[in-house]
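Given next are the chains, with one letter for each unit.
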Amino acid sequence: MEEAKGTWKLKKGLAEMLKGGVIMDVTTPEQAKIAEQAGACAVMALERVPADIRAAGGVARMADPDVILKIMDAVSIPVMAKARIGHFVEAQILEALGVDYIDESEVLTPADESHHIDKHQFKVPFVCGARDLGEALRRIGEGAAMIRTKGEAGTGNIVEAVRHMRTVMDEVRRLQNMPPEELMAAAKNLGAPYELVKEVASLGRLPVVNFAAGGVATPADAALMMQLGADGVFVGSGIFKSSDPAARAKAIVAAVTHYNDPKILAEVSRGLGEAMRGLELSTITPEERLAVRGW
Amino acid sequence: MQGAFREHAAALRKCGCDAVEIRKPADLEAIDALIIPGGESTTIGKLLNDYGLTEPILAKARDGLPVFGTCAGAILVAKELVDSDQPRLGLMDIKVRRNAYGRQVDSFEVEVEIPVLGKEPFPAVFIRAPRIEDARPGVEVLARYREGIILVRQGNLLAATFHPELTEDLRLHRYFLRMVAERQ
């Protein structure tokens, strides 16, 4: 019997296994262990969390393979890593390292202003950011097996993630209520592949798992995104930029599981110390916005 | 709770059966059987402990509640794990190795023989899958693949190292529902 590897079912399937879970940004094996012990369903291996990337400026690239390999050695849960938008060689390197998922991420400096990576060429699955349904379906068309909101990474401000999740959900609901003959025009207006538009209309959701990301700093933020329809949550700077990362990580995991239970949310929100400082969006210049990277 | 619960619920509904999500002990009261889905076994095991689900599930399973663990679920029902002492239910007399086939790039789909489901091969999806390395007496080995055991039954307990919920083939869910019917 022939074994098939790197199939769409396997790529999409791993994302299904992450549903209802929290994926945490980590920069060291110690942080990765804290995340795993707190109940993270996966970690994102980075050299710097988005808040530090934002502060440091300059060109942000794929992490040093050494950092990634050490984190892979430290934990038994899946390890993800980021490649720059359009930088398919960084993706090839990450695949060769054996990471479990690649995030083609706007948090890093884009390598190609016109084209994203052709993700069908890889055995390793990809997650990509999206601000609206058209962007999500273009990424899925290129082979992304998981979608996340872009939000505005490294700000600790949930407003953009809410905007992006609401936009996607609203557009999905609109497709769901359209008669079939209107779907081609909808595909044109969304700039999205027609077959995927039809699939969304019949499923009533994205054909792949859809996580929230970019600005989650508290258990309440995480539960808010879940109640808005996210399948799970990425937390970047929010954990290791707070005063008590282990407690906050654990609380955010509980908040994602029990997102509909305000009593539990109240309980886990207590005594977490200070959240990350956070940035008001109007203080960021348009050039500093990460979410506008990619198309 | 965490993982492929939506897919399992959809498969059960296709078999004409109701499905509810379990997050708290109170949710366990109305159920006739329990499926522990694929997901991250460390995450699910921790949540089971933190929210007081471990003890009630153990009590019900000892009382005959049918329990089906797939992938992470198979890890959680195993008494013995290779190289791990993570929190789990430890119901079945099996020894399981986590991530036994490698990382995600080594995940695979293959058709396997499962005699209790009939002659037609079963499409098995292995995602960062565990392997059952040993089954003690009293555990019935229902299927093997390569050097490992992939499906076992021990009375009211069933465990698979692959993901039947990710395929259109409902035979394994129907097999489990027959276990539930036998009990009633």
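Definitions and cut-offs
- Here the residue numbers are simple positions, counted from 1 along each chain's written sequence.
- Here every chain gets a letter starting at A, and every ligand a number starting at 1, in the order they are written.
- Side-chain atom pairs in this predicted model are given and counted only at pLDDT of 80 or more, local residue features only at pLDDT of at least 70, and totals for whole chains, interfaces and linings cover all residues.
- Hydrogen atoms and water are omitted, and side-chain values are computed over all heavy atoms in the structure.
- Each helix is a run of H or I in the DSSP string that is no shorter than four residues. Each strand is a run of E no shorter than two, and both are numbered from the N terminus.
- Using a 1.4 Å probe on the protein chains alone, a residue whose accessible area is under 20% of its type maximum counts as buried, one over 50% counts as exposed, and one in between counts as partly exposed.
- By definition in these notes, contact holds between two residues if any of their heavy atoms fall within 4.5 Å.
- Exposure was quantified through the Shrake-Rupley algorithm and a 1.4 Å probe, taking into account, for residues, occlusion by the shown protein chains and nothing else.
- Note that the radius of gyration is over C-alpha atoms, with the globule rule given as 2.2 Å times the number of residues to the power 0.38.
- For our purposes a nonpolar core is just a set of buried Ala, Val, Leu, Ile, Met, Phe, Trp, Tyr and Cys residues, chained together by side-chain atoms within 4.5 Å.
- In this scheme, strands are said to pair when DSSP sees at least two bridges between them.
- Put simply, the grid is 1 Å and covers the protein atoms alone, a cavity is a trapped set of points that fit a 1.4 Å probe, a pocket is an open set with protein on both sides within 12 Å along at least five of seven lines, and lining residues have an atom within 4 Å of a point.
- Grid points are joined across faces, edges and corners, and a volume is the space filled by probe spheres set on the points.
- Each residue is assigned to one of three groups, with Ala, Val, Leu, Ile, Met, Phe, Trp, Tyr, Cys and Pro labelled nonpolar, Asp, Glu, Lys and Arg labelled charged, and all others, Gly among them, labelled polar.
- Salt-bridge detection follows one rule: a side-chain nitrogen of Lys or Arg within 4 Å of a carboxyl oxygen of Asp or Glu.
- Patch membership is restricted to residues that have no salt bridge and whose relative accessible area is over 30%. Joining uses 9 Å for like charges and 5 Å for the nonpolar side chains Val, Leu, Ile, Met, Phe, Trp and Tyr.
- Think of each axis as a best-fit line through the C-alpha atoms, taken over the contacting stretch in the case of a helix, with angles from 0 to 180 degrees between the N-to-C directions.

Trainee: Describe in detail the overall build of chain B, supporting the description with residues and values.
Mentor: Scanning chain B for helices and strands turns up five helices and 10 strands. Seen through its C-alpha atoms, chain B measures out along the principal axes to roughly 40 × 40 × 30 Å. Across the 184 residues in chain B, those meeting the buried criterion constitute 61%. Pairs at least 24 apart in sequence give 65% of the contacts found in chain B among residues at least 6 apart. For chain B, the accessible surface area stands at approximately 7,400 Å², while carbon and sulfur atoms represent 47% of it.

Trainee: I'd like to hear about the overall build of chain A, residue by residue, with values.
Mentor: Assigned secondary structure in chain A consists of 13 helices and nine strands. The globule rule puts the C-alpha radius of gyration for 295 residues at 19 Å, and the 18 Å found for chain A is close to it. Judged by the C-alpha coordinates and their principal axes, chain A covers about 55 × 50 × 45 Å. When each of the 295 residues of chain A is scored for burial, the buried share is 59%. Taking all contacts inside chain A whose residues are at least 6 apart in sequence as the whole, residues at least 24 apart take part in 68%. Carbon and sulfur atoms provide 50% of the accessible area of chain A, an area that totals close to 11,600 Å².

Trainee: Kindly report on the nonpolar core, identifying the contributing residues and their values.
Mentor: Membership of the largest hydrophobic core comes to 90 residues, with the highest contact counts inside it found for Met24, Ile68, Leu94 and Met225 of chain A. Here the element with the most residues in this core is helix 12 (residues 245–257) of chain A; it accounts for six residues. The residues touching Met225 of chain A, leaving out its near neighbours within four places in the chain, are Ile158, Ala161, Val162, Met165, Ala212 and Ala230 of chain A. With 29 residues, the next largest nonpolar core counts Ala9, Phe68, Ala160 and Phe176 of chain B among its residues.

Trainee: Outline the sheet that holds strand 1 (residues 4–5) of chain A, supporting the account with residue identities and numerical values.
Mentor: With antiparallel pairing, the three strands of this open sheet are ordered in space as 1(A)-5(B)-6(B). Each edge of the open sheet is held by one strand with a lone partner, namely strand 1 of chain A together with strand 6 (122–126) of chain B. Relative to strand 5 (residues 108–112) of chain B, strand 1 of chain A runs antiparallel, the two being bridged by two bridges. Pairing of Ala4 of chain A across the sheet is with Glu109 of chain B, part of strand 5 of chain B.

Trainee: Lay out empty space enclosed by the protein in plain terms, naming residues and giving numbers.
Mentor: Residues and elements named next belong to chain A. As enumerated under the stated definition, the model contains four cavities of 30 Å³ or more in all. Size it by volume and the largest cavity reaches roughly 190 Å³. In terms of lining residues, the largest cavity is bounded by 23 residues, among which Asp25, Pro50, Ala153, Gly214 and Gly236 are the most central. Those elements that provide at least two residues to the lining of the largest cavity are strand 9 (233–235) and helix 11 (237–240). Tallied by class, the residues present in the lining of the largest cavity amount to nine nonpolar, eight polar and six charged. Taken as a whole, the second largest cavity spans an internal volume of roughly 130 Å³.

Trainee: Kindly report on the pattern of salt bridges, identifying the contributing residues and their values.
Mentor: Residues and elements named next belong to chain A. Taken as a whole, this structure holds 39 salt bridges over all chains when the rule is applied. Linking Arg148 and Asp103 is a salt bridge whose minimum nitrogen-to-oxygen distance equals 2.9 Å. Of the two residues, Arg148 sits in strand 7 (residues 146–149) while Asp103 sits in strand 5 (residues 101–105), which places them 45 residues apart along the sequence. Residue Asp103 is classed as buried on the basis of its relative accessible area of 0%. Here Glu135 ties to Lys150 by a salt bridge, and the two come within 2.6 Å at their closest N and O atoms.

Trainee: Any chance you could break down the side chain of Gln154 of chain B for me, citing the residues and the numbers?
Mentor: Tracing the sequence through the fold places Gln154 of chain B in strand 9 (residues 148–154). Once residues within four sequence positions are removed from consideration, Gln154 of chain B is found in contact with Leu91, Met92, Asp93, Gly138 and Val139 of chain B.

Trainee: Residue-level account of a nonpolar patch on the surface, with values.
Mentor: A cluster of nonpolar residues, Phe88, Val89 and Ile93 of chain A, forms a patch on the protein surface that exposes about 250 Å² of accessible area. Tracing the sequence through the fold places Val89 of chain A in helix 5 (residues 88–97).

Trainee: Describe the sheet that holds strand 4 (residues 79–84) of chain A, listing the residues and the values that go with them.
Mentor: All names here are of chain A. Here we have eight strands laid out as an open sheet, ordered 8-7-6-5-4-3-2-9, and parallel in their pairing. Edge positions in the sheet fall to strand 8 (209–211) and strand 9, since each of these pairs with one other strand and no more. Strand after strand, the sheet turns through a mean of 30 degrees between neighbouring axes, direction not considered. Bridging between strand 4 and strand 5 involves five bridges; their strand directions are parallel.

Trainee: Please give an account of the layout of surface pockets that cites residues and values.
Mentor: Of the voids in this model, the largest pocket is the one considered here, and its volume is about 640 Å³. As for the largest pocket, its lining consists of 30 residues, of which Leu12, Val20, Ala33, Leu34 and Ile35 of chain B are closest to the centre. Elements supplying a minimum of two residues to the lining of the largest pocket: helix 1 (5–14), strand 1 (34–36), helix 2 (41–50) and helix 5 (171–183) of chain B. Taken together, the residues of the lining of the largest pocket sort by class into 24 nonpolar, three polar and three charged. Roughly 410 Å³ of volume is contained in the second largest pocket. In terms of lining, the second largest pocket is formed by 18 residues, of which the most central are Lys12 of chain A together with Glu7, Glu165, Leu166 and Glu168 of chain B.

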